[in-house]
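# An overview of the molecular structure
One letter stands for each residue in the lines below.
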Amino acid sequence: MFVEGFTDADWDHGLGGLHLMAESDDGRLIGHSCIVQRHLMVGPQRTPKRVGYIEGVAVDTAARGQGVASSMVAEINDIITRAYDFGALCATEQGLPVYRRAGWQVWRGPLWASTPDGIVATEEDRGAVMIYETDSVALDLDTDLTADWRVGDVW
Ligand SMILES: CC(C)(COP(=O)(O)OP(=O)(O)OC[C@H]1O[C@@H](n2cnc3c(N)ncnc32)[C@H](O)[C@@H]1OP(=O)(O)O)[C@@H](O)C(=O)NCCC(=O)NCCS
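In what follows, the accompanying structure is described. (Residues numbered from 1 in each chain as written. Predicted model: local features only at pLDDT ≥ 70, side-chain atom pairs only at ≥ 80, totals over all residues. Heavy atoms only, no water.)

Turning next to the site of the ligand. In the vicinity of the ligand, 20 residues are found, and the nearest of them are Val-57, Gly-65, Gly-67, Ser-70 and Thr-92. Here an oxygen atom of the ligand and a backbone polar atom of Gly-67 are 2.6 Å apart. One of the side-chain nitrogen or oxygen atoms of Arg-101 is found 3.1 Å away from an oxygen atom of the ligand. Judged by the fraction of its atoms near the pocket grid, the ligand is located in the largest pocket. (Near = heavy atom within 4 Å. Polar contact = N/O pair within 3.5 Å; in protein donor to acceptor, adjacent residues only side chain to side chain. 1 Å grid on protein atoms, 1.4 Å probe; cavity = no way out; pocket = protein on both sides within 12 Å on 5 of 7 lines; lining within 4 Å. Sits in = over half its atoms within 2 Å of the grid points.)

Here it is, written out as structure tokens:
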């Protein structure tokens with residue numbers, strides 16, 4: 001269960017992506033995560049990058065603390081390395097240490113969103129937006145990062 005709740009928009013954000021499922025030894029679904037493609041824009045010039053954006057990471061309460069999320073994130077990292085310029089996500093308090101241990105870093109620079117009303121600051125998400133670097137793009141984590149538009153939480 002997501003402490004902050006899980007909205008219809010949150011559900012929509014994972015649709016159409018690549019879904020990773022974790023199963024228990026007896027075949028029960030105990031974990032889910034997905035990668036959707038987005039275009040995030042880097043720097044003041046807002047250079048678009050092809051990003052694997054992580055959504056819907058959740059593990060059955062009875063199966064937590066056993067490395068289920070960590071093993072899904074290891075798989076995600078491998079996919080991002082092979083298919084995207086970099087990975088990104090907006091972490092919950094519970095999720096942040098799991099990603100950090102798997103090599104993800106908090107974006108330090110200003111956060112923005114490209115909205116129907118123009119570019120707006122999304123400072124409330126600072127500290128929660130994380131990225132996973134690949135060899136294909138050198139990133140400056142102190143510069144601006146701008147999200148493409150979507151209904152619901154932009155990050
Ligand atoms: C966040 C969440 C996905 C983590 O799932 P999880 O499977 O319990 O995560 P892991 O087991 O990989 O790691 C959690 C802890 O178990 C520990 N752990 C135990 N056995 C482990 C193993 N074999 N391998 C790796 N870690 C292990 C980790 O060290 C970690 O310790 P910590 O909490 O002190 O940092 C889960 O708590 C959840 O579903 N929360 C609600 C939804 C949510 O917030 N999702 C995140 C969205 S960004």
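Approximately 1100 Å³ is the volume attributed to the largest pocket. Looking at the largest pocket, it is lined by 44 residues, and the ones nearest its centre are Phe-2, Val-57, Cys-90, Ala-91 and Thr-92. Taken together, the elements giving at least two residues each to the lining of the largest pocket come down to helix 1 (8-14), strand 3 (47-59), helix 2 (68-83), strand 4 (86-90) and helix 3 (96-101). Among the elements that line the lining of the largest pocket, the one with the most residues is strand 3, at seven residues. In terms of residue class, the lining of the largest pocket is made up of 22 nonpolar, twelve polar and ten charged. Forming the walls of the second largest pocket are Phe-2, Phe-6, Asp-10, Trp-11, Gly-14, Leu-15, His-19, His-32, Cys-34, Glu-55 and Gly-56. Elements that contribute at least two residues to the lining of the second largest pocket include exactly helix 1, strand 2 (29-42) and strand 3. (Points joined across faces, edges and corners; volume = space filled by probe spheres on them. Helix = DSSP H or I, 4+ residues; strand = E, 2+ residues; numbered from the N terminus. Nonpolar A, V, L, I, M, F, W, Y, C, P; charged D, E, K, R; others polar.)

In short, shape yes, function no, at least from these values alone.
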